[in-house]
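# Close look at the chain arrangement
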Amino acid sequence: NAGVTQTPKFRVLKTGQSMTLLCAQDMNHEYMYWYRQDPGMGLRLIHYSVGEGTTAKGEVPDGYNVSRLKKQNFLLGLESAAPSQTSVYFCASSALGGAQEQYFGPGTRLTVT
Amino acid sequence: RKEVEQDPGPFNVPEGATVAFNCTYSNSASQSFFWYRQDCRKEPKLLMSVYSSGNEDGRFTAQLNRASQYISLLIRDSKLSDSATYLCVVMPLSGGYQKVTFGIGTKLQVIP
């Protein structure tokens, strides 16, 4: 099993450009999450999903949109990238919510110039 | 006060030493606690859950102090391979996924 995979691994965008980050998991997990990690700050939840076809806002959702059309995939979109969105983005999944282990993907390093 | 606070370190310790990290949390309703390990430029991975009675996994011991609202991680006989950043994670009892809170992490460097 590949676990949780993310594409791309690295990306450089110019301000105003758009892009989609793809997360895929092969563990049949119901819950999926998108986090961003910045120096001096803990992982912060952007959006999450508790099942196929559902999404919800996390702590820092502004400037991002998500979709979960298939159970195994969770997409994160940036419609108009800003330098403040320069970060490392991690996708995670868990079998259930609450006190369940989260499995993380390898991350996407995004730079917005 | 931040919801979850950790000393970012780095903690520089010699091989074989014992080292302990604390993580304080502000929400007394928090019910689930974890330690994750994150290697440099890698993703976080679960190290261990923290149970009310304390728990041990090999050289690692996790403890919870509800009265003072902190959790701790003790590493005995430190190995070079223990060098990493240790994240504490605090969750509510049920639902409220948006309230899952990660600490900034404590960096450990084990020196030969």
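Description of the structure in this document. The shown structure was predicted, so the numbers you read here are calculated from the model rather than taken from an experiment.

## A look at the side chain of serine 94 of chain A
By secondary structure assignment, the location of serine 94 of chain A is in strand β9 (residues 87-94). When neighbours within four sequence positions are excluded, serine 94 of chain A is seen to be in contact with His29, Glu30, Tyr31, Tyr33, Gln100, Glu101 and Gln102 of chain A.

## As for unusual backbone geometry
In this chain, threonine 7 of chain A is followed by proline 8 of chain A through a cis amide linkage whose omega measures -5°. The residue proline 8 of chain A is located in the loop between β1 (4-7) and β2 (10-13) in this model. The omega angle of the peptide bond from glycine 9 of chain B to proline 10 of chain B is 10°, so this bond is cis rather than trans. A positive phi angle, near 55°, is found at glutamine 69 of chain B, a position not held by glycine. With respect to the helices and strands, the residue glutamine 69 of chain B is situated in the loop between β7 (60-65) and β8 (70-75). For glutamine 69 of chain B, a relative accessible area of 17% puts it in the buried group. The phi angle at aspartate 77 of chain B is positive, at roughly 50°, despite the residue not being glycine. Relative to the helices and strands, aspartate 77 of chain B resides in the loop between β8 and β9 (84-91). Owing to a relative accessible area of 35%, aspartate 77 of chain B belongs among the partly exposed residues under this scheme.

## A short note on the sheet that holds β8 of chain B
Residue and element names in this part refer to chain B. Taken together, five strands build an open sheet; the order of strands is β1-β3-β8-β7-β6 and the sheet is antiparallel. In this open sheet, the two strands that pair with only one neighbour each are β1 (4-6) and β6 (55-57). Direction aside, neighbouring strands of the sheet carry axes that sit 20° apart on average.

## With respect to the packing of aromatic side chains
By convention here, two paired aromatic rings are described through the distance between centres and the angle between planes. Under the criterion given, the structure shown has 11 aromatic pairs over all chains. Consider the rings of tyrosine 35 of chain A and phenylalanine 104 of chain A, whose centres lie 5.7 Å apart with planes at 35°: the pair is tilted. Of this pair, tyrosine 35 of chain A sits in strand β4 (residues 31-37) while phenylalanine 104 of chain A sits in strand β10 (residues 103-104), and the two are 69 residues apart along the sequence. The class of phenylalanine 104 of chain A is buried, set by a relative accessible area of 7%. Their ring planes at 85° and their centres at 6.1 Å tell us that phenylalanine 104 of chain A and phenylalanine 102 of chain B sit as a pair that is edge-to-face. Pair noted here: phenylalanine 104 of chain A is in strand β10 and phenylalanine 102 of chain B is in strand β10 (residues 101-102), and the two residues belong to different chains. Take phenylalanine 102 of chain B: its relative accessible area is 5%, and that puts it in the buried class.

## Details of the sheet that holds strand β8 (residues 73-78) of chain A
Residues and elements named next belong to chain A. The four strands are arranged β1-β3-β8-β7 in an open sheet whose pairing can be described as antiparallel. Where the open sheet ends on each side, the last strands, each with one partner, are β1 and β7 (64-67). Between one strand axis and the next, the sheet turns through 20° on average, direction left out of account. Pairing between β7 and β8: four bridges, direction antiparallel. Across the sheet, residue asparagine 65 finds its bridge partner in β8, namely glycine 77.

## Focus: the interface of chain B and chain A
At the interface, 17 residues of chain B touch 24 residues of chain A. Of all the elements in the fold, those that place two or more residues in the side of chain B that touches chain A are β4 (32-38), β5 (44-50) and β9 of chain B. Counting residues per element, the side of chain B that touches chain A draws most heavily on β4 of chain B, which supplies four residues. Here the residues of the side of chain B that touches chain A sort into 10 nonpolar, four polar and three charged.

Cut-offs and rules
- Residues numbered from 1 in each chain as written.
- Chains lettered and ligands numbered in written order.
- Predicted model: local features only at pLDDT ≥ 70, side-chain atom pairs only at ≥ 80, totals over all residues.
- Heavy atoms only, no water.
- Helix = DSSP H or I, 4+ residues; strand = E, 2+ residues; numbered from the N terminus.
- Contact = heavy atoms within 4.5 Å.
- Buried < 20%, exposed > 50% of the residue type's maximum accessible area, 1.4 Å probe, protein only.
- Pairing = 2+ DSSP bridges.
- Axes fitted to C-alpha atoms, helices over the stretch in contact; angles between N-to-C directions.
- Phe/Tyr/Trp six-rings, centres within 6.5 Å; stacked < 30°, edge-to-face > 60°.
- Nonpolar A, V, L, I, M, F, W, Y, C, P; charged D, E, K, R; others polar.

The values are spatial; any link to function lies outside them.
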